[in-house]
Amino acid sequence: MNAAETNKHKQSDATVKITINPVDMDRPRAWLVAGFKDFREATAVSLAYGMFWVGLSIAVTAGAFTLGYWHWLLPLVAGFMFLGPLVAVGSYGISRRLEEGRTPTLGDAFGAWRPHAGQLAMMGVMMMIFFLAWIRLATLLFALFFGFETPSPDTLYTALITTPEGFGMLAVGTVAGGILAFGAFAISVVAIPTLMDHDLTFMEGIEASVRSVARNFRPMLLWAAMLTGCVLIGVMTFYIGLALILPVLGHASWHAYEDLVRVEALPKS
């Protein structure tokens, strides 16, 4: 198995062979280039899809400040990394339509989940578990370093970068959050596009994703770093940059899946 790693799963009328292809360190960059190419070919619908999530992010931020939950913003923004693969579903649908030679529409983006709604919903539950675990961890860290009283925004954010307690919380939170985020990345990086493209269970999608990361650890670690860096840039532009970044990363992730995973249905013996 030098060229590829395979596994077989029994389904109702066929044996499915899932092959994980090895990739080189230059592939993450190629995926990003391919993602930008898809964005250029479907600029209007991709940008509209990205703007939808930008608008939702701005609405959540405004709501948090209005309701007095501004202190949740930092963990919520960081927690976006756990929900990003679900947000990208629409971009997967756009890329698939482009490959079929069709002109994508917003219906293709927002309806991409429907053919495999049940299994994608189960993946959503898995990602939500990671997200809620992160929120719980962030709450515990805040109480550990700052107590149970909520300071003012200026006091808190200044303390984060000027006090030992702030540095400690940032350091511990970054390490713990990074471990959780990489776990979420490992189970989801190609799981969702695999489920969208094939009639598999969500556990088979997770297995394909974990095996992809294990077989191509260094390229996938680079890909995780690129995804994280791009999202951080988008957030630092007060979400506006996410209108471009989210669809490009979604398109790129679709091409990553196509590079990494091959599913073949074989007749039952």
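Conventions we followed
Residues numbered from 1 in each chain as written. Predicted model: local features only at pLDDT ≥ 70, side-chain atom pairs only at ≥ 80, totals over all residues. Heavy atoms only, no water. UniProt positions renumbered as here; feature names shortened; annotations may be inferred. Helix = DSSP H or I, 4+ residues; strand = E, 2+ residues; numbered from the N terminus. Salt bridge = Lys/Arg side-chain N within 4 Å of Asp/Glu carboxyl O. Phe/Tyr/Trp six-rings, centres within 6.5 Å; stacked < 30°, edge-to-face > 60°. Buried < 20%, exposed > 50% of the residue type's maximum accessible area, 1.4 Å probe, protein only. Contact = heavy atoms within 4.5 Å. Expected span 1.5 Å × (residues − 1). Arc of directions from axis to C-beta. Core = buried A, V, L, I, M, F, W, Y, C linked by side-chain atoms within 4.5 Å. Patch = residues over 30% accessible without salt bridge, like charges linked within 9 Å, V, L, I, M, F, W, Y side chains within 5 Å. Areas by Shrake-Rupley, 256 points an atom, 1.4 Å probe, with all protein chains shown as cover.

- Looking at an unreviewed UniProt entry, one finds the protein chain named DUF2189 domain-containing protein, with Franzmannia qiaohouensis as its source organism.

## Description of the UniProt feature "transmembrane region" (unreviewed entry) in the protein chain
So, step 1. UniProt's entry tags residues 47-70, 76-94, 120-146, 166-192 and 221-246 with the feature "transmembrane region" (unreviewed entry), counted in the numbering of this structure.
So, step 2. Between the C-alpha atoms that bound residues 47-70 there is a distance of 28 Å. The span itself is 83% helix and 0% strand.
So, step 3. Structurally, residues 120-146 comprises 100% helix and 0% strand, and the distance from its first C-alpha atom to its last is 38 Å.

## Here's the deal with the pattern of salt bridges
So, step 1. Inspection of the entire model under this criterion finds nine salt bridges.
So, step 2. Linking Asp-197 and Arg-96 is a salt bridge whose minimum nitrogen-to-oxygen distance equals 3.8 Å. Of the two residues, Asp-197 is situated in helix 9 (residues 191-197) and Arg-96 in helix 4 (residues 89-99); the sequence distance between them amounts to 101 residues.

## A look at the packing of aromatic side chains
To describe a pair of aromatic rings, you give the distance between the ring centres and the angle between the ring planes.
So, step 1. Applying the stated criterion to the full structure yields 10 aromatic pairs.
So, step 2. Ring centres 6.4 Å apart and planes at 15° place the aromatic pair Phe-36 and Phe-39 in the stacked group. With Phe-36 and Phe-39 both in helix 1 (residues 27-41) and three residues apart, the pair spans about one turn of that helix.
So, step 3. With a centroid separation of 5.1 Å and 80° between ring planes, the pair formed by Phe-52 and Trp-53 is classed as edge-to-face.
So, step 4. On the accessibility criterion, Phe-52 (40% relative accessible area) is partly exposed.

## Overview of the environment of Pro-247
So, step 1. Here Pro-247 lies in helix 12 (residues 242-260).
So, step 2. For Pro-247, a relative accessible area of 0% translates into the label buried.
So, step 3. Not counting the four nearest positions on each side in its chain, Pro-247 is found in contact with Phe-39, Ser-46, Gly-50, Ser-91 and Leu-242.

## Some details on helix 11 (residues 217-236)
Within an α-helix, residues lying three or four positions from one another point in the same direction, as the helix has 3.6 residues per turn.
So, step 1. For helix 11, spanning 20 residues, the distance from its first C-alpha to its last is 28 Å, which sits close to the expected 28 Å at 1.5 Å a residue.
So, step 2. For helix 11, the set of buried residues is Pro-219, Met-220, Trp-223, Ala-224, Met-226, Leu-227, Cys-230, Val-231 and Gly-234. Buried residues of helix 11, seen end-on, are gathered within an arc of 160° and therefore sit on one face of the element. With respect to the buried face of helix 11, the exposed residues turned more than 90 degrees away are Arg-218, Ile-233 and Met-236.
So, step 3. In this structure, the buried side of helix 11 is in contact with helix 1, helix 3 (73-87), helix 8 (164-188), helix 10 (202-215) and helix 12.

## Digging into the environment of Arg-97
So, step 1. Along the chain, the position of Arg-97 falls in helix 4.
So, step 2. For Arg-97, a relative accessible area of 17% puts it in the buried group.
So, step 3. When near neighbours in sequence (up to four residues on either side) are disregarded, Arg-97 contacts Arg-102, Pro-104 and Asp-108.

## Section: the nonpolar core
So, step 1. Counting residues in each nonpolar core, the largest one holds 56 residues, and the members touching the most others are Ile-18, Trp-31, Met-123, Phe-185, Met-220, Trp-223 and Val-261.
So, step 2. In terms of residues, this core owes the most to one element, helix 12, which gives 10 residues.
So, step 3. Those residues in contact with Met-220 that sit more than four places away from it in its chain are Trp-31, Phe-185, Val-189, Ser-212, Val-213 and Leu-260.

## A closer look at a nonpolar patch on the surface
So, step 1. A cluster of nonpolar side chains, namely Phe-52, Leu-56, Val-60, Leu-76, Leu-106 and Phe-110, defines an oily patch on the protein surface of about 480 Å² accessible area.
So, step 2. Going through the elements one at a time, helix 2 (43-66) and helix 5 (106-110) are the ones with two or more residues in the nonpolar patch.
So, step 3. Positionally, Leu-106 belongs in helix 5.
So, step 4. A relative accessible area of 39% means that Leu-106 is categorised as partly exposed.

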